[in-house]
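Each chain, letter by letter, is given below.
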Amino acid sequence: ILLLVAIIALLLPSALVVFETVSAAILYSQVQSGITHLQTAGNLFHGGSEGDTAKYFDSNKLREAQVEIDAAHADFVSLSDKLDHGSSINLIGGLWPTQMSTARSLSHIAADATVVTQQIVKTALIIAPSVAPALQKSSSNADSMSPEAYITPASFQQINKTLDIITPLIHDMN
């Protein structure tokens, strides 16, 4: 019996190290996945002519970006949940409390930031039908002395509504 207790006492820390390493690898994978989705969303708007702001209001690109941002948000929310409630994370938290607190804060910021981005893209999709043509017309008439209005009153209201929605989230990121 004493030999069995000694073997368990020697093997338990090794098993915990393996378990924690696998858990850390899974968390790292989620971080990488979220970042990759955000980079993919950003890359959708690269290219085109210099100064072509209408590309940011291309409905097809905005819908693709929304899918990527939604996937990034899901990754960051899952990561945040695991960091807040994962039992294995609590073991590491006792050894490195400052690092774990920082990791939790960063995961909450990432989740909030993707919600903000979701709202902005949603607004861009709503106002794109009126803004994109005005931007395209403006860029083709660069010499025109009477510029077109880019933002309609309805678009302005939508932008203000979005700002009201995202302001508390931005304050939460502090």
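Quick caveat: nothing in here was measured; it's all calculated off a predicted structure.

Conventions we followed
Residues numbered from 1 in each chain as written. Predicted model: local features only at pLDDT ≥ 70, side-chain atom pairs only at ≥ 80, totals over all residues. Heavy atoms only, no water. Helix = DSSP H or I, 4+ residues; strand = E, 2+ residues; numbered from the N terminus. Buried < 20%, exposed > 50% of the residue type's maximum accessible area, 1.4 Å probe, protein only. Contact = heavy atoms within 4.5 Å. Areas by Shrake-Rupley, 256 points an atom, 1.4 Å probe, with all protein chains shown as cover. Core = buried A, V, L, I, M, F, W, Y, C linked by side-chain atoms within 4.5 Å. Salt bridge = Lys/Arg side-chain N within 4 Å of Asp/Glu carboxyl O. pLDDT = per-residue confidence, 0-100. Patch = residues over 30% accessible without salt bridge, like charges linked within 9 Å, V, L, I, M, F, W, Y side chains within 5 Å. Expected span 1.5 Å × (residues − 1). Polar contact = N/O pair within 3.5 Å; in protein donor to acceptor, adjacent residues only side chain to side chain. Bend = angle between axes of the 7 residues up to and from the residue.

Turning next to the overall build of the protein. If you tally the helices and strands in the protein, you get 5 helices and 0 strands. Counting from the amino terminus, helix and strand elements in the protein follow one another as α-α-α-α-α. Of all 174 residues assigned to the protein, the portion counted as buried reaches 29%. For the protein, contacts bridging at least 24 residues in sequence account for 76% of all contacts bridging at least 6. Element-wise, carbon and sulfur atoms account for 66% of the exposed surface of the protein, whose accessible area totals about 11,100 Å².

Once that is clear, we can look at the nonpolar core. With 15 residues, the main nonpolar core has Phe-45, Phe-57, Leu-62, Ala-65, Ile-69, Val-131 and Leu-135 as its most contacted residues. For this core, the elements supplying multiple residues, two or more each, are helix H2 (59-85) and helix H4 (97-140). If near-sequence neighbours (up to four positions away) are discounted, Leu-135 is found in contact with Thr-53, Ala-54, Phe-57 and Tyr-150. In this structure, Ala-72, Leu-79, Leu-83 and Ala-111 belong to the second largest nonpolar core, which totals 8 residues.

On to the pattern of salt bridges, then. Taken as a whole and judged by the stated rule, the model has 1 salt bridge. Salt-bridge contacts for Asp-84 lead to Arg-104; the nearest nitrogen and oxygen are separated by 4.0 Å. Note that Asp-84 is positioned in helix H2 and Arg-104 in helix H4, a separation of 20 residues in sequence.

Let us now look at the side chain of Ser-155. Secondary-structure assignment places Ser-155 in helix H5 (residues 153-172). By relative accessible area, Ser-155 is classed as buried at 3%. If sequence neighbours within four positions are ignored, Ser-155 has contacts with Ile-127, Ser-130 and Val-131.

Below, the discussion takes up the confidence of the model for the protein. Looking at the protein, pLDDT values average 84 and 86% of them are 70 or higher. Within the protein, the element-level pLDDT minimum falls on helix H3 (residues 87-95), averaging 65, and the maximum on H2, averaging 94.

Here we take up a nonpolar patch on the surface. Judged by side-chain polarity, Leu-3, Ile-7, Leu-10 and Leu-11 come together as a nonpolar surface patch covering roughly 430 Å² of accessible area. Mapped onto the secondary structure, Leu-11 falls in helix H1 (residues 2-43).

Let us now look at H2. Over its 27 residues, H2 extends 38 Å from the first C-alpha to the last, a length consistent with the 39 Å expected when each residue adds 1.5 Å. Of all the residues in H2, the buried ones are Leu-62, Ala-65, Gln-66, Glu-68, Ile-69, Ala-72, His-73, Asp-75, Phe-76, Leu-79, Ser-80 and Leu-83. The residue sitting at the N-terminus of H2 and contributing the capping side-chain oxygen is Asp-58; that oxygen lies 2.9 Å from the backbone nitrogen of Asn-60.

Let's shift gears to H5. The end-to-end C-alpha separation of H5 is 30 Å, in line with the 28 Å expected for 20 residues at 1.5 Å each. Of all the bends in H5, the greatest reaches close to 35° and is centred on Ile-166; the proline Pro-168 follows between one and four positions later. Every buried residue of H5 is accounted for by Ser-155, Gln-158, Thr-162, Ile-166 and Leu-169.

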